[in-house]
Amino acid sequence: MAQFFNLLQGTLSPSNSSFYNCLNNAMMFLQHKSCSYNRKRDKLQIYQGIQSFLQGSWKVIDHVEKCSLQAQGKAYVHDAGELDAFPHIQTLKGFPKEELFAKVVMVRFDSAILLQKELDLKSQVTSAVSTIKYLFEAGAKIILLSDWNMKINSKLLVVESVADFLSSVLQLKVAPSRCISNCSLSKMEELEKADILLLENLSEFKGELANCSKFAEQLSSVVDIFVNDSFSNSHKILASTVGVPRFCSACVAGFHFEESLCQLKMAAQINKKPCIAIIGGGNLFDKASAVRYLASRCDGLVFVGMMAFQIMHALGLHVPLNLLEGGPLKEASNIVQLAQNRKIPILYPKDFWCMTNDFPKQMEIFPAYGILDGWIPVDPGPKALDEINSLLTSCKKIIWIGPVKFRLPSQDIYGASKLVSMLDRLTQSNCEITVIGNMACKAVMKESSFVSVYNMVENASVVWEFLKGRKLPGLMALDRAYPVEIDWNAAYSHPSQPLVVDIGSGNGLFLLAMAKRREDLNFLGLEINEKLVRRCLDCVHQYGIMNGYFIATNATSTFRSIVSSYPGDLVLVSIQCPNPDFNKPEHRWRMLQRSLVEAVADLLASDGKVFLQSDIEAVAVRMKEHFLKYGKGKLSVVHNEDCTETDREGWLKENPFGVRSDWEQHVVDRGAPMYRLMLSKTGYCQQWY
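The following paragraphs examine the structure supplied in this document. Being a predicted model, the structure only gives us computed values, none of them experimental.

Here the amide bond leading from Lys 273 into Pro 274 is cis, since omega sits at -5°, within 30 degrees of zero. As for its position among the elements, Pro 274 is in the loop between helix H11 (255–268) and strand E7 (275–279). Despite not being glycine, Asn 283 shows a phi value in the positive range, around 65°. Relative to the elements of secondary structure, Asn 283 occurs in the loop between E7 and helix H12 (284–297). A positive phi angle, close to 70°, is found at Asp 607, a residue other than glycine. Positionally, Asp 607 belongs in strand E20 (residues 604–614). A relative accessible area of 12% places Asp 607 in the buried class.

A few words now on the pattern of salt bridges. Counted under the stated rule, the structure contains 18 salt bridges. Between Asp 286 and Lys 468 there is a salt bridge whose closest N-O contact spans 3.1 Å. With a gap of 182 residues between them, Asp 286 in helix H12 and Lys 468 in the loop between helix H18 (460–467) and helix H19 (473–476) connect regions that are remote in the sequence. Of the residues examined, Asp 286 reaches a relative accessible area of 38% and is grouped as partly exposed. Residue Asp 602 is joined to Arg 560 by a salt bridge in which the shortest nitrogen-to-oxygen separation is 3.2 Å. Here Arg 560 lies in helix H23 (residues 555–563) and Asp 602 lies in helix H24 (residues 594–603), a separation of 42 residues in the sequence. Counted as one network, the salt bridges with shared partners bring together Asp 286, Glu 465, Lys 468 and Arg 470.

Enumeration over the complete set of coordinates arrives at twelve aromatic pairs. A centroid spacing of 5.3 Å and a plane angle of 75° characterise the contact between Tyr 134 and Phe 255, whose relative ring orientation is edge-to-face. Note that Tyr 134 is positioned in helix H5 (residues 123–137) and Phe 255 in helix H11, a separation of 121 residues in sequence. Accessibility assignment for this pair places Tyr 134 and Phe 255 in one class, buried. Here Phe 366 and Trp 375 contribute two aromatic rings whose centre-to-centre distance is 5.2 Å and whose plane-to-plane angle is 50°, an arrangement assigned as tilted. For the pair Phe 366 and Trp 375, one class covers both residues: buried. One aromatic cluster is present, formed by Trp 488, Tyr 492, Tyr 549 and Tyr 566 through successive ring pairs. For Lys 350, the ring lying beneath its charged end belongs to Tyr 348, and the centroid distance is 4.1 Å.

Read across the sheet, six strands follow the order E9-E8-E7-E13-E14-E15 without closing on themselves; strand pairing throughout is parallel. Edge positions in the open sheet fall to strand E9 (346–347) and strand E15 (455–457), since each of these has one partner strand only. Pairing analysis gives five bridges linking E7 to strand E13 (residues 397–401), with the strands arranged parallel. Looking at the pairing, Ile 278 lines up with Trp 400 of E13. In the packing of helix H16 (residues 414–427) onto the sheet, contacts are made with E7, E13 and strand E14 (432–436), and the angle to E13 comes to roughly 155°.

What counts and what doesn't
Residues numbered from 1 in each chain as written. Predicted model: local features only at pLDDT ≥ 70, side-chain atom pairs only at ≥ 80, totals over all residues. Heavy atoms only, no water. Helix = DSSP H or I, 4+ residues; strand = E, 2+ residues; numbered from the N terminus. Buried < 20%, exposed > 50% of the residue type's maximum accessible area, 1.4 Å probe, protein only. Salt bridge = Lys/Arg side-chain N within 4 Å of Asp/Glu carboxyl O. Phe/Tyr/Trp six-rings, centres within 6.5 Å; stacked < 30°, edge-to-face > 60°. Lys NZ or Arg CZ within 6 Å of the ring centre and 35° of its normal. Pairing = 2+ DSSP bridges. Contact = heavy atoms within 4.5 Å. Axes fitted to C-alpha atoms, helices over the stretch in contact; angles between N-to-C directions.

Here it is in structure tokens:
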């Protein structure tokens, strides 16, 4: 071991010294670009990687897996370029089931699914129920969390009645709790008496919509693992979907969330030609960027809602003023221009079924340019439906988003029924059809004879936001998932060399310099801040480093899945200067969780080492205690004096590698002490290279 330290501390050659100076300058420049050095790590969990799906016995899991395989591919945005890749998130199906046992798991469920009046056994209900039952069978303590109102179920207003309803749905006892109002979440004695608790209606608390950090911390005060199963809220910034994950050791997607994400991926893919978008509803001003995306990728647009009048107006046709929205003329003109530049057709109803308030039961057909005063369009006319049918005949993919709805709603809209009949015929000719929105999906379920072949996404708001090119906050807050096997050949020139992993690699100064010194080792940096990872990878490419790589991830939950597939030995793990704020006992979200320590202890090679250091003594002590407590008896402190000198408290006086991290250099420059410690899997110093 002493020889190993000497090798690492060897004098830098002129070329290496030049590299180190350049690297320092590069890092200083990068820090300057970001205004100032900020010790606090970016809490938003943004990710890179490939999702893995493990085998399971649950039918809903198999369904999600099939859906995921169908959804593989790329999505494109607006005028050019690709949409930001979907983050490959950690899923409940891929999370180690044994790690759920005796853990407190908070499930954010979708009340519109589990609390609906007429509960049926359609796929989304089954998957939502399966999430909770799966956790229960795994031995987890479950806290259920959601919001609800009279529109969902008028009989379910208070938490006690909702708990009773869920008990009947799940066939499990759900106990109500008012610990939010009573500010007793940190105690939660109810968890000792019941396996499943339901908290109060989130809509009663202002901190939910405000994504209040204190409220989120209160909700998660006893929670180990967060499961988001409310995909319909993924476009919103809520305390229960975005705030809570910051304070939990692991954050995963439930079965329903994963299934819905697969459906969104399929909807966003324009992988078959010709592809036609059928666009219903109104409010073009808010949805203009999403419609531009469809216009830039589809082979034709069909408008079957109030947006049709904005398009007709942009085409220079006469439209009564009472049918126009105030504002989106420019947006409509841009969409028309884009379609004309791409030479794709735009269809709008050439005629309408109309009604008047004076004679609501009397329906008349009017041409689009000749609607009389007092008459209001309610449905596409026969000519409009014939034109739509002609355009759709040769399609291989159809995206129907939004209702066939004009100024006045109708209980039985003939146009929607006729449209479903057209789509049913197309399903028999291998046409892929995605239906988006509650009203459109209801029309399909009511009228179609082939419901099972449709890809249906009931929540249109999430899809509209995604098609606008916006990231979904509820999705981005979940942990990143990685495959059981990574293509290490793409990361390293010699992937079988011994591996060194730096957890929380920051600006990468330590790891990049080490990689340049020791070309016989491979170095991997795991860092939660995606921007820092991109900068580090730029340095790797710029300097031609073939044995260094960085991944943006929450190592707390992904370390095992990433490192376990590495073909060589894991010989060193370093954790240097973690943010002390997250290591306070009152914070549940912190890097050094038991699951991470256990993974390090299991995967470390015989005689492998763990290097810990911090400029905060309490943090260093806590890291040491965690590794000794949860290391399964495999780790012990290195005491051999030949390794390096220690002070009276047993801390290493010097960095044994001769290479400092960016924060360590900052601490040393101001003359403050560093608290360093080396652990060994065998407890004594020995060469491991």
